[in-house]
Structure formats: structure tokens, C-alpha cells
Amino acid sequence: MAVVDERFMDLNMGPQHPSTHGVLRLLIKTDGEVVSRVTPYIGYLHRALEKIAERLTYPQFTPFTDRLDYLASMNCNLAYALTVEKLLNIEIPRRAQILRVIMAELNRISSHLIAFGSLSSDMGAFTPFLFGIREREFINDLFEMVCGARLTYNYIRIGGVAQDIPDGFIDKTKEFLDYFPPKIKEYNDLLSYNAIFIKRLANIAVISPEDALDYGVTGPNLRASGIKWDLRREEPYLMYNELDFDIPVGRGEMGRVGDAWDRYMMRIYEMEQSAKIVRQCIDMFQQGDHIAKVPKVLKVPAGEVYVRAENPRGELGFYLISDGSTKPYRLKIRAPSFANLSIVPKLSGGVMIADLVAIIGSLDIILPEIDR
Amino acid sequence: MIELINNIIGNIHSSTPMIRWLVYVMVIVISSVIVLSFALLYEGFATYAERKVAGDIQARIGPNRVGPYGLLQFVADGVKLLLKEDIIPFYADKWLFIIAPYIVFTASFAAFVPLSYSDHVYVANMNVGVLYIIAVSSVVSMAILMGAWGSNNKWSLFGGMRAVAQIVSYEIPIILSLLAAIIIPSSLDMKDIILYQSGGLGIFRWIIFNNPFTLLAFFIYFTAAIAEVNRTPFDIPEAESELVAGYHTEYTGMRFAFFFMAEYGDMFIVSAIAATLFFGGWQIPFINGVAMPLWLRETLQVVVFLTKIFVLIYVMMWIRWTLPRLRVDQLMELCWKYLTPIAFFDLIGASVWVLLFNGKGVYDILSALFVH
Amino acid sequence: MDAKQIYQTLSEKFTGRIKQFQENTHPASVVVESDAIVDICSFLKRETELEFTSMISLSGVDLKDQGKMLVIYHLGSIRHKHKIALKVELDRNNPHVPTVEKVWPGANWYEREAYDLYGIVFDNHSDLRRILLPDDWEGWPMRKDYVYPKRYHTWDV
Amino acid sequence: MGVLEDRLPENILFTTVDKFLNWSKKSSLWYMLFATACCGIELMQTGASRYDLDRFGAVFRATPRQSDLMIVAGTITHKMADRVKKLYAQMPSPKYVIAMGSCANTGGPFYKDSYAVLKGVDRIIPVDVYVPGCPPKPEALIEGIMKLQERIMEKKTLVKK
């Protein structure tokens, strides 16, 4: 029998809890309001995606990548398509590349909107969450135009995109680009620079650059710690090297570099940059095919690749081993949130229960990606 | 109406003790029923109003399907809650668990008694009215702790502990700021306080405009009052994203409804105190009511009084749907480091003012200057 | 530094413990002895020329036909922007490898995952429990010969 | 209400009272904030600005004790299944369940190849309404809720069954 430490109380948070963003379970040892240790328990959404990949053909697995990180389905589609294309060694038409970038960046915005909204509702302000959803609905409409789905798109396929964009999509996107930037100012006025919000997040759960690297933290969380590392810039894929955009890094505006507020603010800055990228892509548009010639029965040459792409939550990597058949021999999914969550026990010694909610919210984890 | 009953009691003073006793009981029962039905009706509409206000702020509509404009929403909610299964958790402390909601509700309901709705409409005119309300509403914290402890749920316990700490702490700035207002009319009697504020076009002799210290006292009072009724940004006892539902996590059906109604009842009470002590109670602004028929004047006074209360309640709702919530230690910091010292200073200032100007307010002094 | 140079640096430092260099994979991989993995990893992390600050990913692979298990460490460097994969070959019937948790704390969960899905035991691991599946789950589901269970608790799978 | 339930004869008075009680139940379906996967996002969007479930009187509650309706939004794995049963048991009756999305209905895309996914939430708890889709659109979920409202209206509370 386990020895019970009487100084601490065991508190079970989740898997059904309003602020664990899904089915995360945290076992907390607390001394009153102060948390002494947190043990995350994951796997409540383990759907065996890696096993499924081994039993399905390459194109069949694309829809499952939608369900990997459902807030950024396009980005997941993209990373998977890039992986398979790397082994296939095929050229992607220019128009398809532009479309992919547009979709990926729009999806980044909509994903960050949820991150923004869910953190705000974790902090007790429910209204910004609904404002975020309001703008997200706009993007959902755009995606619905191109592929008919609101959440799980299966739009970016191996070799290109599923179909060309419909009439009016460009105009609607431009409309969105005019509509969206003023809203960011609204978010900042309402939430980002709210004194209570800053007080709740500044200097909370500071991730030092060393820790971030040790735990493999990536994406906005890594950049908030002051490390300028964005795969769109470091290992450019598609046509990101032609695009002009900034990579925001944490500057410790309200507290120390790498605190929860910095992590939150990275998302706000990145939304601006993504809007900028989409605008450039629209100007670059040109006629052409939307998908390269891909055989009906896709036999991928034998080989091993690890391909990674910058997702809203960080580095999504696929490690693919092909034995030359129609099915992957092994597909390992390197999910950003998995690494981002693994740092939680380290961050949460000595914080308060309310801070724990802020930590989880500011890391912007998503469970299906962690559990796969 | 109350006047009428008082008259009857006056007339029967000569009759036998038996009849007198019976009449007293009858009076108590009737007035309780009147106040209770008023309170329930108000609480119903308050929940409806809250949802509508929230909808308005959050770019939604709010209830509109249940009855015209969704007005019957609270009826449906109430009846449904009545029909729910009454669960008493197996490990609960049964008696504490059962009586806690009733005590909460009784305490908030009892505070309706000394309020003066108009010149003649009131239940009981006590010479310790303000003190009585403060005393009675303090019981709430005890009952919340009973419920929280009785639930035998860790989240509830957290909520209960937080609630008690918060309510007990914030009572100090509340009382100090009320004292700063009370020393102007030098009475604890609600009616005396309101009568003191007559004249000055029905506005300028309000205690809030009496001197700078009372103005400050109002803001201290209102801030602390929001904390007293556990609403955002001070809603940490039932912080949804942290404590699931706080102290009423385990309560179902009608028992939960009592907690819920008590919250709205408390909102009414704190707003009523603010309206009485700072905003002239039922004094009608800009209209001289002396010439009016009695019924019209009384009705107008009730309407004016309720309007003042509802404006304050609306402000509370507005704040709730705008601000994030504080952390528990920041909440205590706000109380003990800021509000309490300022309230002390304010009380001293107000006392000095009363000494210096012989109890006269700014309006009195200025008008005296202009007359001479 | 490109992968070839990394391989050369490693083979100079750890003579005889580096088995093979595979250039056709992406990123290029180095097959090493399982006993040497901790030394190699801490060397890779420490050395300023290499500075593999973070472990990108750790994957298990079941090579059933060869009777082997693979553990693949994908390493990356933020400063030098190079990547490499380390491979460790294990006996399929008794897969054991020392943990690299001390080198990169982030490896903790990856190793637990590999244990959970493949049954690869990481020696000296501080907390080797199942991570994704329930504690009372039977078998190592990602192995190629895994048979799906029929019932779990009180319901059909 | 335990004393009166199912005891009263069917006549105009009691059926009208029954109707009123059913109306109150259907008009105030507080749903539990219970989202596991993709459908959870659609559930949130249904509750948010554009679709606004609050119009129907449906608001979310964080605790199962105060909810009437459990919208199982998303995949339920075997690891999670026990928790779902527990949450369902914690809800006070009358309680309703909507299985939202293919995963909750049947296991959805994970039906065949996954060892970890529960193939339909109805294997562990009773389901009133199934909303298909992967994920269902908010309109579909709202229709599901309205279907549930219709079903509630058909039920009998006081009158003998």
C-alpha cells in the first residue's frame, strides 16, 4: 500500500474538467491553494492513430490527420502530405503551393483564436472567447467554401489540394483580411492589456530557453522564451522563403521573458503575421493545376524520412518508414503538444491552483495530438 | 399595504392578547409571502436579465424561444429544477448538506426585510436597519462553508474555504465605507437615511455627493460588494474554470436553485444598500412629489428605488461579462493592502469633514454661499 | 556540420561502438550500440561543435521479420540547424536500452510511450509506466503481431 | 416528486399538468460541459455567438450534478469509458444523452482499425438522440436537441404509463 503523505492533499483534476482543454487528467498534490506537485495523466483520447496508419493506404490516412489536431487540420494535412511527397519525390504545382499556404495560415489564425479564447475563459472572462469564435466562424465559412467541412477538412492531399477554389473565395478572403486586423485591436483592448489579466499571467510559469530546449518545447511557446525558431523560416517548405513575415519572439513586456503572458501574446502577434502572409499569397496567385499527377494506387518507394512543419502549436513531425508497399510500415507522429505538456510538472511546483489553469491555457495544448 | 396592517395593529391594541397575537402572526405570514414572492419574481427575472445582458455583450441573442422573448425562461428553469432528482452524495455529511441551502436562502431573504421601498412601503422599519442587513448576510458565509464541508468534495471544500475567506475579509471595507456614509445622517434607520437625502432637486443631497469622502466610499463599497456576492472578477469561490462549480458542485435541483437564487438576492441587497445610502433611496429626482396623490407618489417612489437598484445590478453584470477573475491571493491583497486602508482613511476623512462643516454637504455649503 | 561529419566525429570519439551509417534516410542516421547511447547522447549535447540541444522525437519500430526492435532518436540543433537520427537495435524478445532522460528531460515521456506501445524497457528510467493506455491493458499494441482484445472491463471492444 | 410519479389517472387536468412539466424540462436543457474531441469544438461553436444554444434555454454547466443533458461530443476510448459511466451516474434524473458525431455513435472512423476506441457510447450508457456527422454541423446538433425536446414532450411524468 502506498504511503499517504499527510502534509498534502491529493486533488484530481479531470479528465472532465472545464479548463483542461479536453480529457487531460492532472493529479495534484496541494497544500491548501499551493500546488506542490502535478502529475499529468494522458491517454484518455488515445485512438491508436499510429496503428491505424499501418493498416491503411497512404491516401486513406489523410482524413485521420484531420483528427490529429482538429483545431489546425489543414496544417496537419499539410505536414502529412509533405512527408509522403518527400518519399515520392514529386513536384507540387505552384498554384497548389499558394493554396496550401493560404489554408495553413488561415487555419493558424483560427487555431490561435481558440487558444486566445480558451485562455481567456480559463481566466474567467468568457466574453473574449465568444469574440474569438465569432471571427473563427468567418474562417470556417471560408473553409466550408473550399471543401465543404467546417472542422475536419481533408483538403490538402498528397500531391496538392483536393479541388480548386470556388468563385468568390478570393473576394471573401480579402473581406476577411480587412475585417480581421481591427478585431485584434479589440482583443488587446479587452483582454491583453487588461490589468487583471496581466496580473494573472505576468511572471507566471516562466520557461527558460534551456528548459524549453531540454523538453523539446516548440512553436509559440519556444519563441516566447526568446528563441527565434520557426520552421517556416529555418527549414522553408512550400514557398515560405518567398514570403515576407516577421517571427515574433518573447520580449518580457509585462514580466520576465517566457512567462505565460508572453506565450499568450505570441499568438496575438502571429495572427497578425498570418494575415499578412495570406494577403501576400493572394497577390501571388496564378493559374495552374491544383494537384500534381499522383497514381491512383499509391506505392511509395522504400525509405525513411522525418519531415516537420510549423503548426500553430509547434513542430509537427512525421517519421515515416516505407517498405515500398501501399501502406506505411511505421508512421510515428511527433506532436508538439506532447512535448509542450511534458514540461508542466516542472513548471508547476509552488504555483497556485488558479495558476495551474493559466499554465495549461497558456501552453495551448490539445489532447488528440498528445494522445494520438 | 404595510401601513394598513400597522393601522389594524394600532386599532387592536385594546383587544385581547389572544387576538393580538393572532394578528401579529397573520401580519408576519402575509408580509413574508409578499416579500418572498417579490424576491422570487425578482430573482427569476434577474437570471433572465443576466442571460440577456450576457448575450448582448457577447454578440448573442440569449433566451428567446421560451415564451415571448424568452420571458418564461426562468419559469421553465425553476419548475425543471423542482423536478430534478435530489441527490445526496453517499459520503456527504447529510445534515449539513441538507440545511446549508436553506440557511443561505433564508439569510439572503431576511435581508429584504428592513429595506424601505417607498415612503410607506416597507416591511419593518428598524432603527438598526443597516446593521441588521450586515449581520444577517454574514450568515451566508457560514452556510456556504456548511454546504461545502457537507458535500465532502474537495472542489466544494476549496470553494467554501475561499468563499469564507473572501466574504469575511471584504466585510471590513464594506462596513468601513458604509460607516463613512452613515455618519452623515447619523442614523442606521433606512428611512431616516433616505429622508435625510431629500431636497436638492432630489439629487444633490444624495450622500454620494455629500463630500469627496462619501464619493470614494461608494466606490470602495461597490467593489467590496461585488466581492461579497461572489461575482466576477471576484468569483473565485465558484470559479468555473478552476473549481468546477465551487461550493455547490455537489448540489442538484432545488438545493442548487437556493444557492443560485441567494446569489441574485444578495446582489439585490447590496445594490439596495448602495441605493439607499448613497443614491437617495426612493427620492424622486427633479420632481417634487408633495403635490401628487399618495398612490402615484408611492408608486413612483417604488419605481425610482427599483430603477436605481437595477442600474447597479446591471453594472455588476456588465463587469462580470467583461473582466477576467483575480487569483485568490490577489483578491486578498486587494482587500487588505488597498481597500481596507483606503476605507479607514476615508472614514477618518469623512469624520473630519462632518466635524469641520458641522455635517453639511457640498451642496448645502455651496447653496448657502450663493444665497448670501 | 553535415551528417557525414557528425558521423566521423562520433566514430572517432566512440571507436567500435558505432555500427553503421545510413545516408539514404532523411535525416541521415547512425546506428549505435545500445550500451553507448547515453554517452553518445551526452557527447552530442555537450560538444559545442554539435550542440544537439533538443531531442525532437523518439520512436520505437518493430522489425518483426528481422527479430529486432529499433529505437530511433531524432536529434536537432537550434544553433547549428542540423539534424541527425540515432538508431539502436534491440533484441525483439527482450528489448532493453538505457534511458536518455538525464540528457534531455523531455525524453521521459517519449520513452514511456515507447514502453507503452512496444514494450521496450528503458533501464534506469525514473517513472516507467504506461502513458497512453490504461494501466491494466494487456500487450504491446504497436507490435506487428498484436492481437486486438475482445473485451475490456465489462464491455466489448 | 417521487410520491406522485406514475400514480395519477389520465384526465384533462393531469395531462395538462404533465404537458407543463414536460415543457419546463424541454425548455431548460442544461448541458454538461463535456467534450473529448473534435465534436467538442463544434459543440462550443454551437453554444457561441452565431448559433447560440442559449436561445433554447440550454446553457452549459461545469458539474454533472446540475446538468440535464450530456452531449457526448467526441471519441470515447476505453480508458475514458469508465469516467463517462461515472459522469452519467452523477447526473440527477431525468437525464438525457445525445451522442454527437460518428465516434460517439459507433466509433466512427476508428471503428475497424483502432484497438482503443469504444465503438459507440450506447454500449455503456443509454442514448436518446444520435446526431450523425464527423463532426456534425451546429445546425445538426441543434436539430438533435430539438428532436430531444420532441421526445421529452411525449413523455409522461405524473400520469400512469
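Up top is the structure these notes are about.
Conventions adopted
Residues numbered from 1 in each chain as written. Chains lettered and ligands numbered in written order. Predicted model: local features only at pLDDT ≥ 70, side-chain atom pairs only at ≥ 80, totals over all residues. Heavy atoms only, no water. Helix = DSSP H or I, 4+ residues; strand = E, 2+ residues; numbered from the N terminus. Rg over C-alpha atoms; globule rule 2.2 N^0.38 Å. Buried < 20%, exposed > 50% of the residue type's maximum accessible area, 1.4 Å probe, protein only. Contact = heavy atoms within 4.5 Å. Areas by Shrake-Rupley, 256 points an atom, 1.4 Å probe, with all protein chains shown as cover. Lys, Arg positive; Asp, Glu negative; His and termini not counted. Charge placed at Lys NZ, Arg CZ, Asp CG, Glu CD. Axes fitted to C-alpha atoms, helices over the stretch in contact; angles between N-to-C directions. Parallel < 35°, antiparallel > 145°, perpendicular 65-115°, else oblique. Left-handed = near helix turned anticlockwise from the far one by under 90°. Salt bridge = Lys/Arg side-chain N within 4 Å of Asp/Glu carboxyl O. Buried area = accessible area lost by both parts, 1.4 Å probe. Nonpolar A, V, L, I, M, F, W, Y, C, P; charged D, E, K, R; others polar. Expected span 1.5 Å × (residues − 1). Disulfide = S-S within 2.5 Å. Pairing = 2+ DSSP bridges. Patch = residues over 30% accessible without salt bridge, like charges linked within 9 Å, V, L, I, M, F, W, Y side chains within 5 Å. Phe/Tyr/Trp six-rings, centres within 6.5 Å; stacked < 30°, edge-to-face > 60°. Lys NZ or Arg CZ within 6 Å of the ring centre and 35° of its normal.

*Asks:* Outline the overall build of chain A, supporting the account with residue identities and numerical values.
*Replies:* Of the regular secondary structure elements, chain A holds 15 helices and eight strands. On C-alpha atoms alone, chain A measures out to a radius of gyration of 21 Å, which is about the 21 Å that the 2.2 N^0.38 rule sets for 372 residues. Based on the C-alpha atoms only, the size of chain A along its principal axes is roughly 65 × 50 × 35 Å. Taken across its 372 residues, chain A has 71% of its residues classed as buried.

*Asks:* Can you explain the overall build of chain D? Please cite residues and give values.
*Replies:* Helices and strands together make up the secondary structure of chain D, namely five helices and five strands. Walking chain D from its N terminus toward its C terminus, one meets helices and strands in the order α-β-α-β-β-α-β-α-β-α. Here the C-alpha atoms of chain D give a radius of gyration of 17 Å, agreeing with the 15 Å that 2.2 N^0.38 yields for 161 residues. Expressed as a percentage of the 161 residues in chain D, the buried residues total 65%. Restricting the contact set of chain D to residue pairs at least 6 apart, pairs at least 24 apart contribute 80%. Total accessible area on chain D is roughly 5800 Å²; 58% of this is exposed by carbon and sulfur atoms. Side-chain charges in chain D split into 23 positive and 16 negative, and the spacing between the mean points of these groups amounts to 5 Å.

*Asks:* Describe the packing of helix α6 (residues 154-182) of chain B against helix α10 (residues 253-278) of chain B, and please don't skip the residues or the numbers.
*Replies:* Residue and element names in this part refer to chain B. Two elements in contact, α6 and α10, have axes whose closest approach is 10 Å; the angle formed by their N-to-C orientations is 30 degrees. Taken together, the axis directions place α6 and α10 in an arrangement best described as roughly parallel. Where α6 crosses over α10, the two elements pack in a sense that is left-handed. The segment α6 lies against α10, with Ser 177, Leu 178, Ala 181 and Ile 182 engaging Ile 273, Leu 277 and Phe 278.

*Asks:* Any details on the pattern of salt bridges? Residues and values, ideally.
*Replies:* Within this structure, the stated rule accounts for 63 salt bridges over all chains. Between Glu85(A) and Arg100(A) there is a salt bridge, with the nearest N and O atoms lying 2.6 Å from each other. Of this pair, Glu85(A) sits in helix α3 (residues 73-88) while Arg100(A) sits in helix α4 (residues 94-122), placing them 15 residues apart in sequence. In this structure Arg100(A) comes out as buried when scored by relative accessible area, which is 0%. We note a salt bridge from Arg327(B) to Asp329(B), for which the minimum N-O separation is 2.7 Å.

*Asks:* So what about the interface of chain C and chain A? Which residues, and what values?
*Replies:* Each partner contributes residues to the interface: chain C has 43 residues there, and chain A has 39 residues. For the pair chain C and chain A, the summed buried surface comes to about 3500 Å²; carbon and sulfur atoms form 59% of the total. Of all residues in chain C, His26(C), Trp109(C) and Leu132(C) bury the most surface against chain A, accounting for 21% of the area lost on that side. Across the chain C-chain A interface, the total number found is seven salt bridges. Put simply, Lys45(C) and Asp214(A) hold a salt bridge, and the shortest N to O gap is 2.8 Å. Of all elements in the fold, only β3 (54-63), β4 (68-76), β5 (83-91) and α3 (107-118) of chain C reach the threshold of two or more residues within the side of chain C that touches chain A. Take the side of chain C that touches chain A: its biggest share by element is 10 residues, from β3(C). For the side of chain C that touches chain A, the residue count by class is 22 nonpolar, 11 polar and 10 charged.

*Asks:* Give a detailed account of the interface of chain B and chain D, specifying residues and quantitative values.
*Replies:* Of the residues lining the interface, 33 residues belong to chain B; the matching set on chain D comes to 32 residues. Taken together, both faces of the contact between chain B and chain D bury some 2700 Å²; the carbon and sulfur share is 58%. When the area that chain B buries against chain D is broken down by residue, the three leading residues are Lys80(B), Leu83(B) and Lys84(B), summing to 23%. Across the contact surface, chain B and chain D share six salt bridges.

*Asks:* Describe in detail the environment of Ile319(B), supporting the description with residues and values.
*Replies:* Residues and elements named next belong to chain B. With respect to the secondary-structure elements, Ile 319 resides in helix α11 (residues 294-320). The partly exposed category is assigned to Ile 319, whose relative accessible area is 22%. Ile 319 sits 88 residues away from Arg 231 along the chain, and the two C-alpha atoms are 8.8 Å apart. Setting aside its immediate chain neighbours within four residues, Ile 319 contacts Phe 222, Ile 226, Thr 232 and Pro 233.

*Asks:* Before we move on, could you go through the arrangement of the chains and cite the residues and values that matter?
*Replies:* Contacts are most numerous, across the five pairs of chains in contact, for chains A and C. Chain B shows no contact with chain C. Their nearest C-alpha atoms sit 24 Å apart.

*Asks:* Describe helix α11 (residues 260-284) of chain A, naming the residues involved and giving the relevant values.
*Replies:* Relative to the 36 Å expected for 25 residues at 1.5 Å per residue, α11(A) spans 37 Å between its end C-alpha atoms, a close match to the ideal helical length. For α11(A), the buried fraction is high: 20 of the 25 residues fall into the buried class.

*Asks:* Give a detailed account of the state of the cysteines, specifying residues and quantitative values.
*Replies:* All names here are of chain D. Evaluation of the coordinates by the stated rule reveals zero disulfides over all chains. Unpaired in this structure, Cys 39 has its nearest cysteine sulfur neighbour in Cys 38, at a distance of 6.1 Å. Classification of Cys 39 by relative accessible area gives buried; the value is 6%. With no disulfide of its own, Cys 134 has Cys 103 as its nearest cysteine by sulfur position, at a separation of 5.4 Å. Since its relative accessible area comes to 29%, Cys 134 is described here as partly exposed.

*Asks:* Just give me the short version of the pairing of strand β4 (residues 96-100) of chain D, but keep the residues and values in it.
*Replies:* Residue and element names in this part refer to chain D. Across the five residues of β4, five count as buried, placing the element largely inside the fold. Across the two faces of β4 the burial is the same, with Tyr 96, Ile 98 and Met 100 and Val 97 and Ala 99 all buried. By the bridge criterion, five bridges tie strand β3 (residues 69-73) to β4 in an arrangement that is parallel. Looking at the pairing, Ala 73 lines up with Met 100 of β4.

*Asks:* Go over α10(B) with me, naming the residues and quoting the values.
*Replies:* Residues and elements named next belong to chain B. Taking 1.5 Å as the rise per residue, α10 with 26 residues should run 38 Å; its terminal C-alpha atoms sit 37 Å apart, in good agreement. Across the 26 residues of α10, 24 count as buried, placing the element largely inside the fold. Following α10 by one or two positions, Gly 280 has its phi on the positive side, about 75 degrees.

*Asks:* Please set out the sheet that holds β4(C) residue by residue, giving values where relevant.
*Replies:* Residue and element names in this part refer to chain C. Spatially, five strands are ordered β1-β2-β5-β4-β3 in an open sheet, and the strand pairing comes out mixed. The sheet terminates laterally at β1 (18-22) and β3, the two strands that pair on one side only. Adjacent strand axes in the sheet meet at a mean angle of 20 degrees when their direction is disregarded. Where helix α2 (residues 37-46) meets the sheet, it contacts β1, β2 (29-32), β4 and β5, and its direction lies at approximately 170 degrees from that of β5. Lying on the sheet, α3 is in contact with β3 and β4; it crosses β3 at an angle near 10 degrees.

*Asks:* Please provide a residue-by-residue account of the side chain of Ser110(A), values included.
*Replies:* Mapped onto the fold, Ser110(A) is located in helix α4. With residues up to four places along the chain from it excluded, the contact list for Ser110(A) reads Leu71(A), Arg136(A) and Ile139(A).

*Asks:* Quick rundown of the environment of Pro233(B)? Include the residues and the values.
*Replies:* Here Pro233(B) lies in the loop between α8 (212-228) and α9 (240-243). Judged by relative accessible area, Pro233(B) falls into the buried class, the value being 4%. Ignoring sequence-local partners within four residues, the contact set of Pro233(B) consists of Ile196(A), Ile226(B), Ile319(B), Leu323(B), Pro324(B), Arg325(B) and Leu326(B).

*Asks:* Please provide a residue-by-residue account of the side chain of Ser342(A), values included.
*Replies:* Topologically, Ser342(A) is positioned in helix α12 (residues 336-342). Beyond its immediate sequence surroundings of up to four residues, Ser342(A) is in contact with Tyr215(A) and Trp109(C).

*Asks:* Explain a nonpolar patch on the surface to me, and be specific about the residues and the numbers.
*Replies:* A cluster of nonpolar side chains, namely Leu201(B), Phe204(B), Phe286(B), Ile287(B) and Tyr363(B), defines an oily patch on the protein surface of about 500 Å² accessible area. Here Leu201(B) shows up in the loop between α7 (190-196) and α8.

*Asks:* So what about the packing of aromatic side chains? Which residues, and what values?
*Replies:* Going through the model one piece at a time under the given rule, you end up with 54 aromatic pairs over all chains. Their ring planes at 70 degrees and their centres at 6.2 Å tell us that Tyr240(A) and Phe245(A) sit as a pair that is edge-to-face. The burial state of Tyr240(A) is the same as that of Phe245(A); both residues are buried. On the basis of an interplanar angle of 85 degrees and a centroid distance of 5.9 Å, the ring pair of Tyr117(B) and Phe305(B) is categorised as edge-to-face. With Tyr117(B) in the loop between α4 (94-110) and α5 (129-151) and Phe305(B) in helix α11, the pair connects residues that are 188 residues apart, well separated along the chain. On the accessibility criterion, Phe305(B) (0% relative accessible area) is buried. Grouped by ring-pair contacts, the aromatic residues Trp206(B), Phe209(B), Phe218(B), Phe219(B), Tyr221(B), Phe222(B), Phe278(B) and Phe279(B) constitute a single cluster. Over the ring of Phe338(A) we find Arg372(A), and its NZ or CZ is 5.1 Å from the ring centre. A cation over a ring is seen here: Lys144(C) above Tyr329(A), with NZ or CZ 4.1 Å from the ring centre.

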